[in-house]
Amino acid sequence: VYSKSENVLSQISVLQAQLKTTLIEQKRIQNMFAENAATKRQVDEIEGKVDVIKEQIKGVQTQNAPIINEITSIDVQIKKINDQIKNSKIRIYSL
């Protein structure tokens with residue numbers, strides 16, 4: 001279960017790195033557009049890329065929620081079992 005969550009978190013990390021790079025590119029294109037060195041189409045395309053990456057991050061984060069719930073459930077089960085073990089007594093009977 002933890003490996004599933006790690007996989008999702010690594011996907012988020014990759015997407016966040018892509019977003020960072022794309023935001024830098026977006027700023028560059030916006031500056032160029034302000035100086036009439038880029039077209040409105042270029043601005044629209046980079047804004048679309050930013051939006052797509054943000055939606056991908058949201059989608060991957062949504063995948064992680066059920067995994068976190070499963071981990072929480074397993075942790076509760078482990079705690080209950082550990083409590084049962086702690087409260088149990090072993091009796092040895094000799095024949």
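Residues numbered from 1 in each chain as written. Predicted model: local features only at pLDDT ≥ 70, side-chain atom pairs only at ≥ 80, totals over all residues. Heavy atoms only, no water.

A word on the overall build of the protein chain
Phase 1 of the analysis: When its secondary structure is counted, the protein chain shows two helices and zero strands.
Phase 2 of the analysis: Taking 95 residues into account, the globule formula puts the C-alpha radius of gyration at 12 Å, and the protein chain, at 25 Å, lies well above it.
Phase 3 of the analysis: Counting only C-alpha atoms, the protein chain reaches 95 × 15 × 15 Å along its principal axes.
Phase 4 of the analysis: Sorting the 95 residues of the protein chain into buried and exposed places 19% on the buried side.
Phase 5 of the analysis: For the protein chain, the share of sequence-separated contacts (at least 6 apart) that also reach a separation of at least 24 residues comes to 76%.
Phase 6 of the analysis: Looking at charge distribution, the protein chain has the averaged site of its 14 positive side-chain charges lying 11 Å from that of its 11 negative ones. (Helix = DSSP H or I, 4+ residues; strand = E, 2+ residues; numbered from the N terminus. Rg over C-alpha atoms; globule rule 2.2 N^0.38 Å. Buried < 20%, exposed > 50% of the residue type's maximum accessible area, 1.4 Å probe, protein only. Contact = heavy atoms within 4.5 Å. Lys, Arg positive; Asp, Glu negative; His and termini not counted. Charge placed at Lys NZ, Arg CZ, Asp CG, Glu CD.)

A closer look at the nonpolar core
Phase 1 of the analysis: Core analysis: the biggest nonpolar cluster contains ten residues, these being V8, I12, L15, L19, V50, I53, I57, V60, I67 and I71.
Phase 2 of the analysis: Of all the elements in the fold, those that place two or more residues in this core are α1 (2–34) and α2 (40–87).
Phase 3 of the analysis: Per element, the largest residue contribution to this core is six residues, and it comes from α2. (Core = buried A, V, L, I, M, F, W, Y, C linked by side-chain atoms within 4.5 Å.)

So, unusual backbone geometry
Phase 1 of the analysis: Within the chain, N36 stands out as a residue other than glycine whose phi angle is a positive 60°.
Phase 2 of the analysis: Structurally, N36 is set in the loop between α1 and α2.

Points about the side chain of T22
Phase 1 of the analysis: In this structure, T22 sits in helix α1.
Phase 2 of the analysis: For T22, a relative accessible area of 9% corresponds to the buried category.
Phase 3 of the analysis: Setting aside residues no more than four positions away along its own chain, T22 makes contact with I46, K49, V50 and I53.

A few points about the environment of K58
Phase 1 of the analysis: Along the chain, K58 falls in helix α2.
Phase 2 of the analysis: When its relative accessible area of 48% is taken as the criterion, K58 is described as partly exposed.

A few points about α2
Phase 1 of the analysis: Helix length check: α2, at 48 residues, gives a terminal C-alpha distance of 71 Å against a target of 70 Å (1.5 Å per residue), a fit within 8%.
Phase 2 of the analysis: All of the buried residues in α2 are V43, I46, V50, I53, I57, V60, N64, I67 and I71. (Expected span 1.5 Å × (residues − 1).)

Considering the pattern of salt bridges
Phase 1 of the analysis: Considering all chains together, one arrives at four salt bridges under this definition.
Phase 2 of the analysis: Close ionic contact of R41 with E45 constitutes a salt bridge, the shortest N to O distance being 3.1 Å. Separated by four residues within a single helix, R41 and E45 lie in helix α2, roughly one turn from each other.
Phase 3 of the analysis: Owing to a relative accessible area of 43%, E45 belongs among the partly exposed residues under this scheme. (Salt bridge = Lys/Arg side-chain N within 4 Å of Asp/Glu carboxyl O.)

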